[in-house]
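# Remarks on the overall topology
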Amino acid sequence: MASAIISFLSDYGYQDEFVGVCHGVIARLCPQARVIDITHGVPRHDVRAGALALRAAVPFLPAGVHLAVVDPGVGATGEHARRAVAVRVAYEERVLVGPDNGLLGPAIQALDGAVEAVDVGLSARRLEPVSATFHGRDIFAPVAAALAGGEALAALGEPLAPGALRELRLGQATLRDDGLLVHVLALDHFGNLALDASADQLGDAGLRAGTAVELQIGGRRLRVPYALTFADVAPGELLLYEDSASMAALAVNLGSAATALGLAGGDELELRRAQHE
Amino acid sequence: MASAIISFLSDYGYQDEFVGVCHGVIARLCPQARVIDITHGVPRHDVRAGALALRAAVPFLPAGVHLAVVDPGVGATGEHARRAVAVRVAYEERVLVGPDNGLLGPAIQALDGAVEAVDVGLSARRLEPVSATFHGRDIFAPVAAALAGGEALAALGEPLAPGALRELRLGQATLRDDGLLVHVLALDHFGNLALDASADQLGDAGLRAGTAVELQIGGRRLRVPYALTFADVAPGELLLYEDSASMAALAVNLGSAATALGLAGGDELELRRAQHE
Amino acid sequence: MASAIISFLSDYGYQDEFVGVCHGVIARLCPQARVIDITHGVPRHDVRAGALALRAAVPFLPAGVHLAVVDPGVGATGEHARRAVAVRVAYEERVLVGPDNGLLGPAIQALDGAVEAVDVGLSARRLEPVSATFHGRDIFAPVAAALAGGEALAALGEPLAPGALRELRLGQATLRDDGLLVHVLALDHFGNLALDASADQLGDAGLRAGTAVELQIGGRRLRVPYALTFADVAPGELLLYEDSASMAALAVNLGSAATALGLAGGDELELRRAQHE
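### Some remarks on the relation of the copies chain C and chain A
For the pair chain C and chain A, the superposition axis carries a translation of 0.0 Å, the fit reaches an RMSD of 0.0 Å, and the rotation angle comes to 120°. As the rotation angle and translation indicate, the two copies are arranged about a three-fold axis. Minimal C-alpha distance to the rotation axis in chain C is attained by Tyr 14 of chain C, lying at 5.0 Å. The residues that chain C uses at the interface reappear at the interface of chain A in only 3% of cases, marking distinct surfaces.

As structure tokens, this is what we get:
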């Protein structure tokens, strides 16, 4: 039964028992569920990085429940409160479970949009007593387990209009007369920098693989090749390339573009066709 | 069959093949066993941190075998020798497997105490040749696999009086006239500091959620709110709260209390009711 | 069915979704496959470290498919191109899948050598569109899944002579008149240094457990005991020992030999019998 697969992403890290505890909760409540860990190394509290990793992963994951917890607002009440939600999307009837803080938004979009949502903050499936600080254990994992066990979404909480879910604002590449203004979306373990321009947008800006591109970062200007893969340039050299999510990205062959360029998430830079030298 | 679940905690880390090798050993010996990783990120050789993580996890794990290896004394003989043990507890007939160096003690207590124990150091189930330095692979994983496969505890080693198992000395909060003397038990991936006082003990010292508490660390005095969750204070602000294990803890909203206070495991501090300003 | 087990090693790290995505690809293509993670913490691009970890792990893993990806040359074409391969070995009919850059070589040797190989770079099982930079997702995981699902190796690519597979050059201990010249093979999470001498070679050089050994590192000379395990020396003290792979190794009890000696992979040192003092 496909719905017995739960994929799980969080910023819980690998030092503590948090991830194992959530696995334990699921195994107790739904012994037949199989859990696929996406990653638990999302930088702590970084909802944006978690949302991007989740969006990148979901197309390659089996149908089922996607459990995601990056939750700096856990347990807050009143004006700071964020909802706890479970959301069914159009694609393969998958359900996403997590805090309603923007974390799920890009993945929901990638999965053809939300078709049903419930607020599970007071779900009957919660683990009692519910702690104020570990809703992964006490709310989200139990709800995911219930869904994997075949319970109806509607039975797990209060109905919520899909349109009420919180979106995540991501940067947007902007086409200018003389180039493309882009931002660093994310940096990975290898130091590669994903940009918020699709490969198509590079083409719209007149940038073609196999040519040279001028990179402007503040006052600095660098000439880098638009290549296909890392080894197309010498070790230690920069390149622009289309990454495995079809986005523009910067890398250093056998090195770290993040370190070489001193860039981090959100930083702005400009790409344009390099003049012939 | 519930006993075919093995949960696994260690300080083996994620850099090397050690954890995968133990999974492999289990899969070869007991193919039907399912392994739930609790964490392998316990700080190396830190028996106390491992014991606390194990104790926090076990109530949420399925019944079965709890395999735990933080084993600085691996392979030692003579006066330095530590036993290798398997211990049945009263709660759900679970069995814990690991070195007898205090690592298992707090979890055994949390599971209603030991009812049967065996010394597995010379178990017939060991992988030959037994190395001097990797008993996770050569003794503990094979014994856990045998238990998951349904073998009787008594058949896996020499009987041992449960009372002979080594205890772990943990700090104790002390109620004083003017407050509560506590110690840092552990710090997690988020920089949150667990203290050795239960939420009940905070109450006994006259500290109530929703009020202000004075923190004394050496000569320093700080006023912090006793709140319910992180977002109850502004980003970057300290708070005292009851954590998900019902213990007193210190955190910084969206930050690290360990860094902010410069505290580590074992450090002492005092909590008392803040005077009205 | 034994062949439905896939063990998986990479340098993808734990920060990103890369490992989870490969798990997802496998689960979609071969739902009955079970994946055992060996480690994903191989230092990035370090083919040698990955090859040594894989070799150390395979004897303890169940029969099936060993998927390994440390692939700095991913996607390169022309003179820099490395093949993508699947290789059947003599031992238990296991199949290794990964880049043909030396990563698989030591494990293939440990498993009694290659008996059949195919180039899977253009395999019909690839995920389309194939990215230039994530062949773990697009080539290696799908091929591993197909093998786990029972497909014939020959059907997954173009035949390749096993003798054409790329070997990995590893250092070799050299017996000299007055001792053994050795190199650091690898350092682990605990700071232990594996050397390229087997325990037998130590014996050939007249070094026996229970005696003292002189270590010469450049101009420095140190006297260390050849002991059985860490706790045989005082905390903070160095020892030479036979590690769990039956290789000579250096450690510091409750500390890091890598830090204490300032040594890293590839460094050279000399071992000889210590003179009586």
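### With respect to the pattern of salt bridges
Applying the stated criterion across every chain yields a total of 39 salt bridges over all chains. For Glu 151 of chain A, the salt bridge identified is with Arg 125 of chain A, shortest N-O distance 3.0 Å. Placement of Glu 151 of chain A in the loop between helix 4 (135–148) and strand 7 (158–160) and of Arg 125 of chain A in the loop between strand 6 (114–119) and helix 4 is noted, with a sequence separation of 26 residues between them. Ionic pairing is found between Arg 82 of chain C and Asp 71 of chain C, a salt bridge with its closest N-O pair at 2.7 Å. Placement of the pair is Arg 82 of chain C in the loop between strand 3 (65–69) and strand 4 (84–89) and Asp 71 of chain C in the loop between strand 3 and strand 4, with a sequence separation of 11 residues. You can call Asp 71 of chain C buried: its relative accessible area is 9%. Bridged by salt links that share partners, the residues Arg 176, Asp 178, Glu 214, Arg 221, Glu 270 and Arg 272 of chain A form one connected network.

### Structural notes on the relation of the copies chain B and chain A
Here chain B sits on chain A after a turn of 120° about the axis and a move of 0.0 Å along it, with an RMSD of 0.0 Å. Different-surface contact between copies: only 3% of interface residues of chain B are shared with the interface of chain A.

### Regarding the sheet that holds strand 1 (residues 5–10) of chain C
Residue and element names in this part refer to chain C. Read across the open sheet, the 7 strands follow the order 2-1-3-5-4-6-7; overall the sheet is mixed. In this open sheet, the two strands that pair with only one neighbour each are strand 2 (34–39) and strand 7 (158–160). Ignoring strand direction, the axes of neighbouring strands in this sheet form an average angle of 25°. Direction of pairing for strand 3 relative to strand 5 (residues 95–99): parallel, over a ladder of 3 bridges. Directly across from Leu 67, in strand 5, lies its bridge partner Val 97.

Parameters and conventions
- Residues numbered from 1 in each chain as written.
- Chains lettered and ligands numbered in written order.
- Predicted model: local features only at pLDDT ≥ 70, side-chain atom pairs only at ≥ 80, totals over all residues.
- Heavy atoms only, no water.
- Least-squares fit on C-alpha atoms with pLDDT ≥ 70 in both.
- Contact = heavy atoms within 4.5 Å.
- Salt bridge = Lys/Arg side-chain N within 4 Å of Asp/Glu carboxyl O.
- Helix = DSSP H or I, 4+ residues; strand = E, 2+ residues; numbered from the N terminus.
- Buried < 20%, exposed > 50% of the residue type's maximum accessible area, 1.4 Å probe, protein only.
- Pairing = 2+ DSSP bridges.
- Axes fitted to C-alpha atoms, helices over the stretch in contact; angles between N-to-C directions.

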